[in-house]
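The chain contents come next:
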Amino acid sequence: MAESVELPSRLGILPFRNKVLLPGAIIRIRCTSPSSVKLVEQELWQREEKGLIGILPVRDAAETTTAIGPVLSQDVGSDSGERSSRVHVGASDSHRLDAKNQQENMHWHTRGVAARALHLSRGVEKPSGRVTYIVVLEGLCRFSVQELSTRGTYYTARISPLEMTKAEMEQVGQDPDFMTLSRQFKAAATELISILEQKQKTEGRTKVLLETVPVHKLADIFVASFEISFEEQLSMLDSVDLKVRLSKAIELVDRHLQSIRVAEKITQKVEGQLSKSQKEFLLRQQMRAIKEELGDNDDDEDDVAALERKMQSAGMPSNIWKHAQRELRRLKKMQPQQPGYNSSRVYLELLADLPWQKASEEHELDLKAAKEHLDSDHYGLVKVKQRIIEYLAVRKLKPDARGPVLCFVGPPGVGKTSLASSIAAALGRKFIRISLGGVKDEADIRGHRRTYIGSMPGRLIDGLKRVAVCNPVMLLDEIDKTGSDVRGDPASALLEVLDPEQNNAFNDHYLNVPFDLSKVVFVATANRLQPIPPPLLDRMEVIELPGYTPEEKLKIAMRHLIPRVLEQHGLSSELLQIPEAMVKHVIQRYTREAGVRNLERNLAALARAAAVRVAEQEQAVPLSKDVHRLASPLLENRLASPLLENRLADGGEVEMEVIPMAVNNHEISSAFRIASPLVVDEAMLEKVLGPPRFDDREAAERVATPGVSVGLVWTAFGGEVQFVEATATVGKGELHLTGQLGDVIKESAQIALTWVRARATDLKLAASEGISLLEGRDVHIHFPAGAVPKDGPSAGVTLVTALVSLFSQKRMRADTAMTGEMTLRGLVLPVGGVKDKILAAHRCGVKRVILPERNLKDLVEVPTEVLANMEILLAKQMEDVLEQAFEDGCPWRQHSKL
Ligand code: ADP
C-alpha cells in the first residue's frame, strides 16, 4: 500500500454513483450492468499484468441542481460499436461529455481514485446466461480527469496524477504546520483505535498501522472507514493538499470519537435501565406465576389497603395507632418480595385483629339465673358453687372490682373446666381456654421478640385474638404444670398477667405495645397446689374439688352424663337405657378415679355400641305396604313416633318416611317395635367394656401372703391405694428398693427397716422365727406399678407394716389401708391429702383406714356418707398402727418399752 503507483495516462473508468472510493480503502462490488462488466472484463480480467481502473464518483442529475463538479452527458447501455465524444474543459475545470443518447444526465466528478483489483470472480447468471463479476478493489491514488470518452460500452479517461511526488512530500514533511497537524491527527487516531480495540478486544492489531503507514495515507484510510456523507467524501477526495487533508481528517476523527463516546454513554444508560427493568419484569412474572400456582391472585396493593381499613376499624388507642401507622408506612415502602415484608404484614394483621375495644356486651347479672345455671350443669359441689355465686355477686356490685383470681384445684375430671365455662355463661361472656401444661418457656406466655425468625405472640395475646373480645373469661388451664428452665420462668410472666396492678399494660414481646388485660376475667385450674410457686398462689383464691364419692358419681352420671352422652350420639332414653345398677357397676368395676371423665368415656362407649344396634335394626324395619315415601314435613304428622322425632331433630334433608293418618295403630306399633329401648345389662357391659378392671377381692388376694401391706397415697389423679411388698433373702443385710422411688420414700424405707431391726426383740420377731434380722438377710422392698414414679414420706407406716408382716409371717388385714409418716423413734406424723386418700380407699372397698392421730381435723372435709361406711383408726405411735393392721392385734405390744 505504501508503494507509489505509476499511473498510465488513460484509465478505464467505473462510475461510482453517489459514492467515493478513497485511497487505502478496500471495497467489494458486484458488476452486473453490461458496461461495467465489459470494463472489468477488458481492463482487469483479460489482462495478464495487474490492471488498474479509475473510480470516478458520479452524482445523479436529479439529486442536485447545484452540481459541485462538471456535468457530463453520456450514452449508456449500448454495445453498438465504438463512439467517441469530446470533453469540453472549461475554466471551471468542468467537463461536459456529449453523448448521442441524452436520456440520462450524470454529473461526473473531475477527480477520482485509481484502483486495482485484489480479487476477481466471474459468475454466470442462470437462466439468462448473463456474466457478472465480483471485484474486490483497493483505492490507490488520486487522479484528475482531463478528458472522458467512451470506448465501446464503457468510459475511459485521460488522466493526470494528483498525488505529490517524493520530493514534494519531503518538503512538506519539514513544514511545522504539517508536523503539528500530523501529531494531532496521530493522537486522535491513536485514541480512536484504542477505543475501538478495547471494544472489540483486539488490542494492538490496528495500532501497527499508525507506525507503518505514512500519515497522509492514514488520513484517507481513517476517513474511508467512517460513515460520512457523500459531500464530505468528495471534499476529502478533493483535498489534494496534505495539510488540508489532515485537518479535515482530524475534524472527522474527532467527530467520530465524540459520537462514539456519546453512543457509549447512551448504551450504558440504556443497558443499566434495561437490565434493571428487565430484572423487575422477570421477577414480577415469576411472582405472578407462583401466585397463580397457589391460587392467590389478589393484588398486594389491594391487600395493604384492606389491611389499613381493618386497622382503622380496630379501635386502637391513639399511641398504638401511631405506632401501627409507622409500621404500615414501612410496609408500603417495601416490595412484597423483600425479606421483612411478610413478618411486618403478619404483625400488622395481629394489631388489626386484636380486640382493643371490642367487648361482649355485659348484661345485668342475674344471680338467681346464674345459680340455676350452675346447678343445672353441675351436681353437688355445693361449697364451690356458693363461692362462685359470691364471686359473681361482688362483680355485680362493683364491676371493676379487682377480685381474686379463682383457682380450681383437684384431680382430672372433677369439673374444673366446666365450672369455669359456667362462670363465663353466667356472666354472658365469651370463654377461652389456654392450656399451660408443659409450658417451660417464658416466651410462650410473653411471645418472642420480632427480631427472631418465626417469632409469635404469646398464648395470651394469641388467645385474645382468637376470642376477638377484650373481656372474655380466660381459663389458665393446668397452671401447676408450668416449669422453669434456661428459657425463663413462665410463672413470673403469669404473675404479671394475674396482678391487677400491672395487667392493664401487659407487655407481650412480639406485640411490643402494651395491651390492657384488666377486663379479662381469669380463672385457673391445677391438679396440685404444691408445684404452684407461692407468689403466684398468693394472687389466687384456691377452691378445692377433691373428687366424688361413688354415690355422687352415680348421681352425676344419671342426671348429667347419661343425658349428654345420649344426645351426643343421637340417641334418646327411648332407645337406650342404662339402669342405675349398671352405672354402679361401671363406677366400681371399670373406673376407679376421683373425677368422672373415665366414667363419661365408658358411658359413651355404651352409647356408641347402642347406636350401631339401633342403626342396624332401623335398616331392618320392613315397611308396611301402606307406608308411603313422602318428602313432606314430618311435624304436620301427628303420628310421628319418638324414633321419627329423633330423626327430625337430626335435621337431615333426607327423604323421610311418613305414615299416613289412615294407618291403624297396630301397624304403627309393629313397625316400631324395635323402638323399644335397649337396656344395658351385665352381658352388654362385658361385651362393650371388656372384663371388669377392678374388683373388691383385689386387696384380699394381694395380702394373702405375709410381707404385703396396703397404703394410701396421693397423686395428681387424686388418692390411690398402693400396695407395698417386702421379701428377704440370704445376703449381707442390705436393703434393695424398686418401683421408681424418689429420695424421700427411699429414706422412709431405711427408717422403717432400722426401726424394725431396733424393735426386733420387743416385737418378738427375731425370736419367733429364729432368724437374725441384723445379719445374713438382704431385704427387698417393692412398690408395684413399677413404671409409675413415687415419692413422699407418707408410706412410712405402710413400710413398717410390710416388714413386720414379713418377719412375723403374719398376714395384714385385707380390709384395712393406712397412711402416715413415721419418725425413727416410731412416732406417727400427719400427712397431706387425707380427704383424697379416704375417698380412694372408699372407692376400692376398703373398710378400715389407719390415719395419724393429728389428721383427725381433716376428716371434716370428708363427705359424711363416706365416713359412715368406714372405720377410721387413729394412730399416735407405730405400735398403734401394727395393733390395728393385724387380725389379732399386736401381741407384742406388752413387750414394748415405749
Ligand atoms: P377437669 O377440668 O376437672 O379435668 P372437666 O371440667 O373437663 O374436668 O369435667 C369432665 C367432665 O365431667 C365434663 O363433661 C363435666 O361436665 C363432667 N362433670 C364433672 N363434674 C360434674 C358435676 N359435678 N356435675 C355434672 N357434670 C360433671
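Turning to the overall build of the chain, a few remarks are in order. For the chain, the helix and strand inventory stands at 30 helices and 28 strands. In the chain, the share of contacts with a sequence separation of at least 24, taken over all contacts with a separation of at least 6, comes to 76%. When the accessible area of the chain is evaluated, it comes to approximately 46,400 Å², of which 51% is carbon and sulfur surface.

Moving on to the site of the ligand. In the vicinity of the ligand there are 19 residues, among which Gly413, Lys416, Thr417, Arg564 and Arg597 approach most closely. Residue tyrosine 379 places a main-chain N or O atom 2.8 Å away from a nitrogen atom belonging to the ligand. Contact between the ligand and arginine 564: an oxygen atom at 2.7 Å from a side-chain N or O atom of the residue. For the shell around the ligand, the secondary structure elements donating two or more residues are α13 (416–427), α18 (550–568) and α20 (597–620). Here the residues of the shell around the ligand are counted per class, giving 8 nonpolar, 6 polar and 5 charged.

Before going further, it helps to examine the environment of proline 691. When you line up the elements, proline 691 lands in the loop between α23 (682–689) and α24 (697–702). Overall, the relative accessible area of 59% leaves proline 691 in the exposed class. Each C-alpha atom, one on proline 691 and one on tyrosine 590, is 8.5 Å from the other, the two residues being 101 residues apart in sequence. Not counting residues within four places of it along the chain, the set of residues in contact with proline 691 comprises Tyr590 and Glu686.

The next point concerns α18. Along its length, α18 reaches its greatest deviation from straightness, about 45°, at alanine 557. All of the buried residues along α18 are Pro550, Glu552, Lys553, Leu554, Ile556, Ala557, His560, Leu561, Ile562, Val565 and Leu566. Residue glycine 570 follows α18 closely and has a positive phi angle near 70°.

By the alternation rule, side chains of strand β10 (residues 431–435) split into Ile432 and Ile434, which are all buried, and Phe431, Arg433 and Ser435, of which none is buried. Looking at chain direction, β10 and strand β11 (residues 473–477) are connected through 5 bridges and run parallel. Directly across from isoleucine 432, in β11, lies its bridge partner methionine 474.

Moving on, we get to the nonpolar core. Core analysis: the largest hydrophobic core is formed by 56 residues, its most contacted members being Ile781, Val800 and Leu803. Here the element with the most residues in this core is helix α27 (residues 796–808); it accounts for 8 residues. Beyond its immediate chain neighbours, meaning those up to four positions away, leucine 803 contacts Ala726, Ala752, Leu753, Val756, Val779 and Ile781. Within the second largest apolar cluster, 55 residues are counted, among which are Ala370, Leu419, Leu545 and Val680.

Moving on, we get to the packing of aromatic side chains. Scanning the entire structure with this criterion turns up 5 aromatic pairs. Each ring, one from tryptophan 356 and one from phenylalanine 515, has its centre 4.9 Å from the other, and the planes form 50°; the classification is tilted. Residue tryptophan 356 is located in the loop between α10 (341–353) and α11 (367–377), and its partner phenylalanine 515 is located in strand β13 (residues 514–515); the two are separated by 159 residues in the primary sequence. Considered together, tryptophan 356 and phenylalanine 515 belong to a single accessibility category, that of buried residues. A cation sits over an aromatic face here: arginine 450 above tyrosine 347, 3.9 Å from the ring centre.

For the rest of this paragraph, the subject is unusual backbone geometry. Phi is positive for glutamate 478, close to 55°, though the residue is something other than glycine. As for its position among the elements, glutamate 478 is in the loop between β11 and α16 (490–498). Of note in the backbone geometry, asparagine 512 takes a positive phi value of approximately 65° without being a glycine. Looking at where asparagine 512 falls in the secondary structure, it is placed in the loop between β12 (506–507) and β13.

A cluster of basic residues, Lys322, Arg326, Arg329 and Lys333, forms a positive patch on the protein surface. Relative to the assigned elements, arginine 329 resides in helix α9 (residues 318–333).

To continue, consider the environment of proline 784. Mapped onto the elements of the fold, proline 784 is located in the loop between β23 (777–782) and α27. In this structure the C-alpha to C-alpha distance between proline 784 and glycine 739, which are 45 residues apart in sequence, comes to 6.1 Å. In this structure proline 784 touches Arg702, Gln722, Phe723, Glu725 and Lys790, once residues within four positions along its chain are discounted.

What follows covers the packing of α27 against helix α30 (residues 878–885). Two elements in contact, α27 and α30, have axes separated by 10 Å at closest approach and are oriented at 60°. Taken as axis vectors, α27 and α30 run oblique relative to one another. Both α27 and α30 take part in a crossing whose hand is right-handed. Judged by residue contacts, Val797, Val800, Thr801 and Val804 of α27 engage Met878, Val881, Leu882 and Ala885 from α30. Split by residue class, the contact of α27 with α30 holds 7 nonpolar, 1 polar and no charged.

If you walk across this open sheet you meet the 5 strands as β10-β11-β14-β9-β15, and the pairing is parallel. The sheet is open, and its two edges are formed by β10 and β15 (540–544), each paired on a single side. The mean angle between the axes of side-by-side strands here comes to 25°, regardless of whether they run parallel or antiparallel. In terms of strand pairing, strand β9 (residues 405–409) meets β15 through 5 bridges, oriented parallel. The residue bridging phenylalanine 408 from the neighbouring strand is isoleucine 543, located in β15.

Attention now moves to the pattern of salt bridges. Under the defined criterion, the tally for this structure stands at 36 salt bridges. The closest approach of N and O atoms between glutamate 541 and arginine 387, which form a salt bridge, is 2.3 Å. Residue glutamate 541 is located in strand β15, and its partner arginine 387 is located in helix α12 (residues 382–397); the two are separated by 154 residues in the primary sequence. The exposure class of glutamate 541 is partly exposed, given its relative accessible area of 25%.

This part takes up the confidence of the model for the chain. Averaged over all residues, the pLDDT of the chain equals 79, while 83% of them reach at least 70. Of all helices and strands in the chain, the one with the weakest mean pLDDT is strand β18 (residues 656–658) (36), whereas strand β27 (residues 848–852) scores best (93). Long-range and interchain partners of residues 64–103, a stretch whose pLDDT sits below 50, account for 89 contacts in this model, where long-range means more than four residues apart. Throughout residues 621–674 the model reports pLDDT below 50, and contacts reaching past four residues in sequence, or to other chains, amount to 53 contacts.

Reading the values: the criteria
- Residues numbered from 1 in each chain as written.
- Predicted model: local features only at pLDDT ≥ 70, side-chain atom pairs only at ≥ 80, totals over all residues.
- Heavy atoms only, no water.
- Helix = DSSP H or I, 4+ residues; strand = E, 2+ residues; numbered from the N terminus.
- Contact = heavy atoms within 4.5 Å.
- Areas by Shrake-Rupley, 256 points an atom, 1.4 Å probe, with all protein chains shown as cover.
- Near = heavy atom within 4 Å.
- Polar contact = N/O pair within 3.5 Å; in protein donor to acceptor, adjacent residues only side chain to side chain.
- Nonpolar A, V, L, I, M, F, W, Y, C, P; charged D, E, K, R; others polar.
- Buried < 20%, exposed > 50% of the residue type's maximum accessible area, 1.4 Å probe, protein only.
- Bend = angle between axes of the 7 residues up to and from the residue.
- Pairing = 2+ DSSP bridges.
- Core = buried A, V, L, I, M, F, W, Y, C linked by side-chain atoms within 4.5 Å.
- Phe/Tyr/Trp six-rings, centres within 6.5 Å; stacked < 30°, edge-to-face > 60°.
- Lys NZ or Arg CZ within 6 Å of the ring centre and 35° of its normal.
- Patch = residues over 30% accessible without salt bridge, like charges linked within 9 Å, V, L, I, M, F, W, Y side chains within 5 Å.
- Salt bridge = Lys/Arg side-chain N within 4 Å of Asp/Glu carboxyl O.
- Lys, Arg positive; Asp, Glu negative; His and termini not counted.
- Charge placed at Lys NZ, Arg CZ, Asp CG, Glu CD.
- Axes fitted to C-alpha atoms, helices over the stretch in contact; angles between N-to-C directions.
- Parallel < 35°, antiparallel > 145°, perpendicular 65-115°, else oblique.
- Left-handed = near helix turned anticlockwise from the far one by under 90°.
- pLDDT = per-residue confidence, 0-100.

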